[in-house]
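# Survey of secondary and tertiary structure
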Amino acid sequence: MGGAGSPAYRDETAAAARSTAVRFRAGCPWDDLLVFDTINGLPVHPLVVHAVVVLVPLSVLGTILIAAVPKWRAPYGPIVVAVAAVATVLCPVATSSGEALEKHVGSPAYDHAEMGDMLVWFMLPVLILSAILVWLARRPEDRRPGPTWLPTAVAVLAVVAGLACSWQVYRVGDSGAK
């Protein structure tokens, strides 16, 4: 089978681009979502994957920083949470568009598709824990819930979740590069 740069793939995607600038595909793991297959003849998967490989490590780094430096939680935490939210949303888009690309270029290594499907489950704890850190930091001290050690415990969990997520995104990318 030809790759994304092969003449057969270019002909097929050029024909699709002539009929519509954006082609959608349904039937992904998130059945209610419509996921881009191509945009103007370019496969969406490489475009989305680049966003994921930038935003996931960036959100992990931000989460680790706000976990390690409590005074940064209130001012910079909302930015970290926003980046983590975008990265989390893009994970299923990347896997679904990868499944669409698979129909054009053939199956990648089994591990790549399986690990890609799991990445969102590594990103969710990073998103949730960073949001909790920010929420705790933005509450007045006299109105913070739970024991005084709660922010420290959440920070430790956030660092562990971030490190696990970093390892998973590395594994997914490494298996896809083979």
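Residues numbered from 1 in each chain as written. Predicted model: local features only at pLDDT ≥ 70, side-chain atom pairs only at ≥ 80, totals over all residues. Heavy atoms only, no water.

We now examine the overall build of the protein. Counting its secondary structure elements, the protein contains five helices and three strands. In the protein, which comprises 178 residues, the proportion classed as buried is 37%. The contacts of the protein with a sequence gap of at least 6 include a subset with a gap of at least 24, amounting to 72%. Counting only carbon and sulfur atoms, one obtains 68% of the accessible surface of the protein, whose full area is about 9,900 Å². (Helix = DSSP H or I, 4+ residues; strand = E, 2+ residues; numbered from the N terminus. Buried < 20%, exposed > 50% of the residue type's maximum accessible area, 1.4 Å probe, protein only. Contact = heavy atoms within 4.5 Å. Areas by Shrake-Rupley, 256 points an atom, 1.4 Å probe, with all protein chains shown as cover.)

To continue, consider the packing of helix α2 (residues 44-68) against helix α5 (residues 150-177). Packing of α2 against α5 leaves a shortest axis separation of 9 Å and a crossing angle of 160°. Here α5 runs roughly antiparallel to α2, going by the angle between their axes. Between α2 and α5 lies a crossing of left-handed hand. On the side of α2, the interface is formed by V56, P57, V60, T63, I64 and A67, while α5 contributes A155, A158, V159, G162, L163, C165, S166 and V169. A per-class count over the contact of α2 with α5 returns 11 nonpolar, three polar and no charged. (Axes fitted to C-alpha atoms, helices over the stretch in contact; angles between N-to-C directions. Parallel < 35°, antiparallel > 145°, perpendicular 65-115°, else oblique. Left-handed = near helix turned anticlockwise from the far one by under 90°. Nonpolar A, V, L, I, M, F, W, Y, C, P; charged D, E, K, R; others polar.)

In the structure shown here, the tally under the stated rule is two aromatic pairs. Ring geometry for W72 versus Y76: centroids 6.2 Å apart, planes at 90°, classification edge-to-face. Residue W72 is classed as partly exposed on the basis of its relative accessible area of 33%. (Phe/Tyr/Trp six-rings, centres within 6.5 Å; stacked < 30°, edge-to-face > 60°.)

As a further point, take the layout of surface pockets. Which parts of space are left empty comes out when a probe the size of a water molecule is rolled across the atoms. Of the pockets and cavities examined, the second largest pocket occupies roughly 170 Å³. What lines the second largest pocket is simply L58, S59, G62, L65, I66, W72, Y76, I79, V80 and V83. Elements represented by at least two residues in the lining of the second largest pocket include exactly α2 and α3 (73-105). Classifying every residue of the lining of the second largest pocket gives eight nonpolar, two polar and no charged. (1 Å grid on protein atoms, 1.4 Å probe; cavity = no way out; pocket = protein on both sides within 12 Å on 5 of 7 lines; lining within 4 Å. Points joined across faces, edges and corners; volume = space filled by probe spheres on them.)

As a further point, take the side chain of S175. The topology assignment puts S175 in helix α5. Within the structure, the side chain of S175 is placed 2.9 Å from the backbone oxygen of V172, a separation counted as a polar contact. (Polar contact = N/O pair within 3.5 Å; in protein donor to acceptor, adjacent residues only side chain to side chain.)

Our next topic: the nonpolar core. In terms of nonpolar packing, the biggest core is built from 30 residues, with V52, V56, C91, M123, L133 and C165 touching the most fellow members. Mapped onto this core, the elements with two or more residues apiece are α2, α3, α4 (110-138) and α5. The residues touching M123, leaving out its near neighbours within four places in the chain, are V56, S59, A84, A87, T88, C91 and C165. (Core = buried A, V, L, I, M, F, W, Y, C linked by side-chain atoms within 4.5 Å.)

Relative to the assigned elements, S130 resides in helix α4. On the accessibility criterion, S130 (0% relative accessible area) is buried. If we skip the residues at most four places from it in the chain, S130 touches T63, I66, V80, V81 and A84.

With that settled, the discussion passes to a nonpolar patch on the surface. A grouping of L61, L65, W72, Y76 and I79 is seen on the molecular surface, where their side chains present a nonpolar patch of about 490 Å² in accessible area. Among the secondary structure elements, those contributing two or more residues to the nonpolar patch are α2 and α3. With respect to the helices and strands, I79 occurs in helix α3. Given a relative accessible area of 53%, I79 falls into the exposed group. (Patch = residues over 30% accessible without salt bridge, like charges linked within 9 Å, V, L, I, M, F, W, Y side chains within 5 Å. Salt bridge = Lys/Arg side-chain N within 4 Å of Asp/Glu carboxyl O.)

Glancing now at the environment of K71. Take K71: it is sitting in the loop between α2 and α3. Look at K71 and you get exposed, because its relative accessible area is 67%. Residues K71 and A137 lie 66 residues apart in sequence; the distance between their C-alpha atoms is 8.2 Å.

Everything listed is a geometric property; what it means functionally is a separate question.
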